[in-house]
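What follows is the residue order along each chain.
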Amino acid sequence: MKYSRQRESIKENLMNRYDHPTAETVYLDVKKDYPNISLGTVYRNLSLLSEIGEIQKISSSNGPDRFDGNPKPHFHFFCRKCGQVTDIPCKYPIDFQSQLHDFGGMVEEESIQFFGICETCLKKLS
């Protein structure tokens, strides 16, 4: 894969944050350093980076895809009130492969997501 300063900037942007931004948020940040970058370029590079395992793409039926600079498997929590996505600090992995030996297929990836109300929103409700 050919080196790209823009791709490197997109990856670096994700590696230095923990808020699981949307592509549009990454675009607005990277545009500060690369004013001519297009939203399409950001989408293509985010897709490529997630395909090669350098970042995570977090899909949810509750909104746009989010992106995580931490490619290691871990759990995510989606707040139904504010839409925030955060990491859940619990042990990973769960060994599904050994429990699925009678399944007959081959699991290549698993995705477990948690939904509810985040701590900040709970405090506002009190």
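Quantities reported herein were computed from a predicted structural model and do not represent experimental measurements.

1. A short note on the overall build of the chain
Assigned secondary structure in the chain consists of 5 helices and 5 strands. If you list the helices and strands of the chain from N to C, you get α-α-α-β-β-β-β-α-β-α. Projecting the C-alpha coordinates of the chain onto the three principal axes gives extents of approximately 50 × 45 × 25 Å. Taking all 126 residues of the chain together, 32% fall into the buried category. Relative to all contacts within the chain whose residues are 6 or more apart in sequence, the contacts with residues 24 or more apart total 46%. For the chain, the exposed surface amounts to about 8700 Å²; the carbon and sulfur share of it is 51%.

2. Remarks on the pairing of strand 4 (residues 85-88)
Side chains on a regular strand alternate between the two faces of the sheet. Pairing analysis gives 4 bridges linking strand 3 (residues 75-79) to strand 4, with the strands arranged antiparallel. Its bridge partner lying in strand 4, F75 is registered against I88. Adjacent in sequence and paired antiparallel, strand 3 and strand 4 are bridged by 5 residues, among which G83 carries a positive phi angle near 85°.

3. Quick look at the side chain of R17
Looking at the element boundaries, R17 is found in the loop between helix 1 (5-15) and helix 2 (23-31). Here the side chain of R17 touches D19 through a polar contact of 2.7 Å, side chain to side chain. Not counting residues within four places of it along the chain, the set of residues in contact with R17 comprises T25 and D29.

4. Observations concerning the packing of helix 2 against helix 3 (residues 39-51)
One can describe the packing of helix 2 onto helix 3 by two numbers: an axis separation of 9 Å at closest approach and a directional angle of 115°. For the crossing formed where helix 2 meets helix 3, the hand is right-handed. Contacts between helix 2 and helix 3 pair A23, E24, V26 and Y27 from the former with L39, V42, Y43 and L46 from the latter. Looking at side-chain class alone, the contact of helix 2 with helix 3 contains 7 nonpolar, no polar and 1 charged residues.

5. Looking at the sheet that holds strand 3
Spatial strand order, 4-3-5: 3 strands in an open sheet with mixed pairing. The sheet terminates laterally at strand 4 and strand 5 (113-116), the two strands that pair on one side only. The sheet shows a mean angle of 30° between the axes of neighbouring strands, direction not considered. Judged from the 4 bridges that link them, strand 3 and strand 5 form a sheet pairing that is parallel. From the neighbouring strand, F78 faces strand 5, where its bridge partner is F115.

Rules of the game
- Residues numbered from 1 in each chain as written.
- Predicted model: local features only at pLDDT ≥ 70, side-chain atom pairs only at ≥ 80, totals over all residues.
- Heavy atoms only, no water.
- Helix = DSSP H or I, 4+ residues; strand = E, 2+ residues; numbered from the N terminus.
- Buried < 20%, exposed > 50% of the residue type's maximum accessible area, 1.4 Å probe, protein only.
- Contact = heavy atoms within 4.5 Å.
- Areas by Shrake-Rupley, 256 points an atom, 1.4 Å probe, with all protein chains shown as cover.
- Pairing = 2+ DSSP bridges.
- Polar contact = N/O pair within 3.5 Å; in protein donor to acceptor, adjacent residues only side chain to side chain.
- Axes fitted to C-alpha atoms, helices over the stretch in contact; angles between N-to-C directions.
- Left-handed = near helix turned anticlockwise from the far one by under 90°.
- Nonpolar A, V, L, I, M, F, W, Y, C, P; charged D, E, K, R; others polar.

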